[in-house]
Amino acid sequence: MNYIAPDPYHDTPPDNFLSEGATSLNDEDRAALRLSIESDLLLWTAYWVRQRVGTRYDLNSHHVWLADALMDVAEGKHQNLLINMPPGGGKTELSVTGFISYYLALNSRARFMHLTSSPDLANNNSEYIRDIFNHEDFRAMYPTVSMIKDTTAKQRWNLMEDGKRAGGLLAM
């Protein structure tokens, strides 16, 4: 099965794109899946929501705007971004869990500080992101990146790449 990334601006990813775990694929299809989800923050987020939670990530027009704004920050086009959306709009899933895990997968030396008014929310988000890096599909697609073995705290953890300490997350 060769994966063809859908247009995230008009289509939600098809179920087979999201439900096929990377560990069940051959090397060629696993590489194609990795390239597909790395090509777009929305595809990345949709894939990991399906793997982590088991549900579809339903896209709406505000997700497209938010993903574009986050990518502008990642590319250095903007230094600051203020997100003001009502609860339940998907901002945490996309801008925290999705974006931080996406960026760390592409640049494992990056360091993130996740600050929020609720320590419980920060810890939960940190745990969700950490779960992606510990997921068997992530390990299959990114065999050189892993969690540092002594990192079990939710508040602070780091990655290793090729056996060397890399980036990570501090959640407060």
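Each value, and the rule that gives it
Residues numbered from 1 in each chain as written. Predicted model: local features only at pLDDT ≥ 70, side-chain atom pairs only at ≥ 80, totals over all residues. Heavy atoms only, no water. Helix = DSSP H or I, 4+ residues; strand = E, 2+ residues; numbered from the N terminus. Buried < 20%, exposed > 50% of the residue type's maximum accessible area, 1.4 Å probe, protein only. Contact = heavy atoms within 4.5 Å. Areas by Shrake-Rupley, 256 points an atom, 1.4 Å probe, with all protein chains shown as cover. Polar contact = N/O pair within 3.5 Å; in protein donor to acceptor, adjacent residues only side chain to side chain. Axes fitted to C-alpha atoms, helices over the stretch in contact; angles between N-to-C directions. Parallel < 35°, antiparallel > 145°, perpendicular 65-115°, else oblique. Nonpolar A, V, L, I, M, F, W, Y, C, P; charged D, E, K, R; others polar. Salt bridge = Lys/Arg side-chain N within 4 Å of Asp/Glu carboxyl O. Pairing = 2+ DSSP bridges.

A. Examining the overall build of the chain more closely. Looking only at helices and strands, the chain has seven helices and four strands in total. Going residue by residue from the N terminus, the α and β elements of the chain occur as α-α-α-α-α-β-α-α-β-β-β. Classification of the 172 residues of the chain by burial places 45% in the buried group. Sequence separation of at least 24 residues holds for 64% of the intrachain contacts in the chain that already meet a minimum separation of 6. Put simply, the chain shows about 9,100 Å² of open surface, and 49% of that area lies on carbon and sulfur atoms.

B. How the structure looks around the environment of V145. Structurally, V145 can be placed in strand β2 (residues 145-147). V145 sits 40 residues away from A105 along the chain, and the two C-alpha atoms are 8.1 Å apart. In contact with V145, other than residues within four places in its own chain, are S108, F138, L159, M160 and E161.

C. Region of the structure containing the side chain of H114. With respect to the secondary-structure elements, H114 resides in strand β1 (residues 111-114). A polar contact is formed between the side chain of H114 and the side chain of N125, at a distance of 3.0 Å. With sequence-adjacent residues up to four places away left out, H114 is seen in contact with V96, L121, A122, N125, L169, L170, A171 and M172.

D. Summary view of the packing of helix α2 (residues 27-38) against helix α3 (residues 41-53). Two elements in contact, α2 and α3, have axes whose closest approach is 6 Å; the angle formed by their N-to-C orientations is 120°. The angle between α2 and α3 places the two elements in the oblique class. Within the contact between the two elements, α2 uses L33, S36 and I37 and α3 uses L43, W44, Y47 and W48. Considered class by class, the residues forming the contact of α2 with α3 number six nonpolar, one polar and no charged.

E. Structural context of the pattern of salt bridges. Taken as a whole and judged by the stated rule, the model has six salt bridges. Note that E38 and R34 form a salt bridge whose closest N and O atoms lie 2.9 Å from each other. Of this pair, E38 and R34 both sit in helix α2, four residues apart, which is roughly one turn of the helix. Here R34 falls in the partly exposed class, since its relative accessible area comes to 29%. Among the charged side chains, a salt-bridge network with shared partners connects D72, E75 and K77.

F. Up close: the pairing of strand β3 (residues 156-161). Pairing between β2 and β3: three bridges, direction antiparallel. Across the sheet, the residue bridging to M147 is L159, located in β3. Summarising the sheet, β3 and strand β4 (residues 164-171) pair through five bridges and their orientation is antiparallel. Its bridge partner being in β4, M160 is matched across the sheet by R165. Counting the residues that bridge the hairpin from β3 to β4 gives two residues, and of these D162 lies at a positive phi of roughly 50°.

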